[in-house]
Amino acid sequence: MKASQIEMVCSFCSTKVEYGKSVCDDCKKKYKIGQYDMANDGCGCDG
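Here the residue index of a chain counts from 1 through its sequence in written order. Residue-level local features of this predicted model are given only where pLDDT is at least 70; pairs of side-chain atoms are given and counted only at 80 or more, and the full residue set underlies all totals for whole chains, interfaces and linings. Computation of side-chain values: all heavy atoms of the structure, hydrogens and water removed.

Draft legend 1. Region of the structure containing unusual backbone geometry. One non-glycine residue, S14, lies in the positive phi region at around 70 degrees. Only DSSP runs of H or I reaching four residues or more are called helices, and only runs of E reaching two or more are called strands; each is numbered from the N terminus. Mapped onto the secondary structure, S14 falls in the loop between strand 1 (8–9) and strand 2 (16–17). Of note in this structure, K32 is not a glycine but carries a positive phi near 55 degrees.

Draft legend 2. Quick peek at the state of the cysteines. Working definition: a disulfide is two cysteine sulfur atoms within 2.5 Å of each other. Under the criterion given, the structure shown has zero disulfides. Sulfur of C10: no disulfide; nearest cysteine sulfur belongs to C13 and is 3.8 Å away. Looking at C10, the relative accessible area reads 3%, which means it is buried. Its sulfur unpaired, C27 is 3.8 Å from the next cysteine sulfur, which belongs to C13. Under the scheme applied here, a residue whose accessible area is under 20% of the maximum for its type counts as buried, over 50% as exposed, and between as partly exposed, the area being computed with a 1.4 Å probe on protein chains only.

Draft legend 3. Geometry of the pattern of salt bridges. What counts as a salt bridge is simple: a side-chain nitrogen of Lys or Arg found within 4 Å of a carboxyl oxygen of Asp or Glu. Taken as a whole, this structure holds one salt bridge when the rule is applied. Residues K16 and E7 are paired through a salt bridge, measuring 3.6 Å at the closest nitrogen-oxygen approach.

Draft legend 4. Seen up close, the environment of V9. Mapped onto the elements of the fold, V9 is located in strand 1. On the accessibility criterion, V9 (43% relative accessible area) is partly exposed. Look past the residues within four positions of V9 in its chain and what remains in contact with it is S14, T15, K16, V17 and S22. For this analysis, residues touch if any pair of their heavy atoms sits within 4.5 Å.

Draft legend 5. Quick peek at the nonpolar core. With seven residues, the main nonpolar core is built from M8, C10, V17, V23, C24, C27 and I33. Setting aside residues no more than four positions away along its own chain, C24 makes contact with C10, C13, T15 and V17. By nonpolar core is meant a set of buried Ala, Val, Leu, Ile, Met, Phe, Trp, Tyr and Cys residues that side-chain atoms within 4.5 Å join together.

Quick look at the structure:
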């Protein structure tokens with residue numbers, strides 16, 4: 001399966017996000033998440 005075919009959703013609200021992200025822009029602002037990187041901790045929520 002190609003990355004463009006994989007549907008990712010926000011960890012907090014289940015809004016669709018682009019591949020490689022785990023938090024939508026709205027939740028990023030709401031929860032004050034400054035950065036996210038799935039490669040570092042597995043969940044994608046650093047900050």
